[in-house]
Amino acid sequence: MKYAYQNELTKNNCFEGIIKFKNQPQKRKILSIEQAEAVFSINWDNDTAKLANALAMYTGMRAGEIAGLRYEDIGAERLYVKHSWSKYDGLKCCKNGDEREVPIAPILRDALINQVKLNPHNEGLASFVFFGEKPERPTDPGSWRKYLHRALGEIGYSNPKEICFHSWRHFWCTRMSDIVTDKRIIML
């Protein structure tokens, strides 16, 4: 309608006087290093959720990228982030469309391999690391947040609901910026 008014296809400007909504997102809360250490030093009700949260903390990966992780994506010293999982779109490309490699420690790699070996669907290299009830679907990443909130409550964090799974990505970026001064390198 705005185009039609500007090009004199209509005399009615139905947008006149409408104030545009400006959304200023709240700054995402992140844990301190000490709080993160405390969260992972306790026993969780769900070891799979603990592993998914640890992977997010150590790599900065998004929940969909972790859910879409398959056995074939685990390398000797890195993960190959090739796709993401969405409950609406299924397996798709990553958010920005670019595949990337993420370095991981051997202990984390071994934990991921042990996790995929628990997969009862026997899909070989195409098996989801964080498998669901059906072979073509991984687990729902929403449950990872639930167990994170329980762990935060257990360590005495005052408001667990203010920390979400994506907070790990911000935690990782913040910790990397302590070491690497060029933000472009961190973004890559």
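Look above for the structure.
These notes cover the structure that comes with them. Since the structure is predicted, the reported quantities are computational estimates derived from the model, not experimental observations.

1. Things to note about the nonpolar core
- Counting residues in each nonpolar core, the largest one holds 41 residues, and the members touching the most others are Trp44, Leu55, Ile66, Leu112, Phe130 and Trp168.
- With seven residues, the top contributor of residues to this core is helix H3 (residues 47-59).
- If we skip the residues at most four places from it in the chain, Trp44 touches Val39, Ala49, Lys50, Asn53, Tyr147, Leu148 and Ala151.

2. What about the pattern of salt bridges?
- Counted under the stated rule, the structure contains nine salt bridges.
- Linking Arg78 and Glu101 is a salt bridge whose minimum nitrogen-to-oxygen distance equals 3.4 Å. Remark: Glu101 occurs in strand S4 (residues 100-103) and Arg78 occurs in strand S1 (residues 78-81); sequence separation between them is 23 residues.
- Under the relative-accessibility criterion, Arg78 is labelled partly exposed at 27%.
- On the accessibility criterion, Glu101 (48% relative accessible area) is partly exposed.
- The salt bridge partner of Arg175 is Asp178, with a shortest N-O separation of 3.0 Å. In this pair, Arg175 and Asp178 both sit in helix H7 (residues 167-179), three residues apart, roughly one turn of the helix.
- For Asp178, a relative accessible area of 53% puts it in the exposed group.
- Among the charged side chains, a network of salt bridges with common partners joins Arg62, Glu65 and Arg100.

3. A short note on H3
- For H3, with 13 residues, the first-to-last C-alpha span of 18 Å sits near the 18 Å given by 1.5 Å per residue.
- When H3 is considered as a whole, its buried residues turn out to be Ala49, Leu51, Ala52, Asn53, Ala54, Leu55, Ala56, Met57 and Thr59.
- One side-chain oxygen of the residue at the start of H3 lies 2.9 Å from the amide nitrogen of Thr48, identifying that residue as Asn46.
- Just past H3, the residue Gly60 takes up positive phi, approximately 75°.

Criteria and thresholds
- Residues numbered from 1 in each chain as written.
- Predicted model: local features only at pLDDT ≥ 70, side-chain atom pairs only at ≥ 80, totals over all residues.
- Heavy atoms only, no water.
- Core = buried A, V, L, I, M, F, W, Y, C linked by side-chain atoms within 4.5 Å.
- Buried < 20%, exposed > 50% of the residue type's maximum accessible area, 1.4 Å probe, protein only.
- Helix = DSSP H or I, 4+ residues; strand = E, 2+ residues; numbered from the N terminus.
- Contact = heavy atoms within 4.5 Å.
- Salt bridge = Lys/Arg side-chain N within 4 Å of Asp/Glu carboxyl O.
- Expected span 1.5 Å × (residues − 1).
- Polar contact = N/O pair within 3.5 Å; in protein donor to acceptor, adjacent residues only side chain to side chain.

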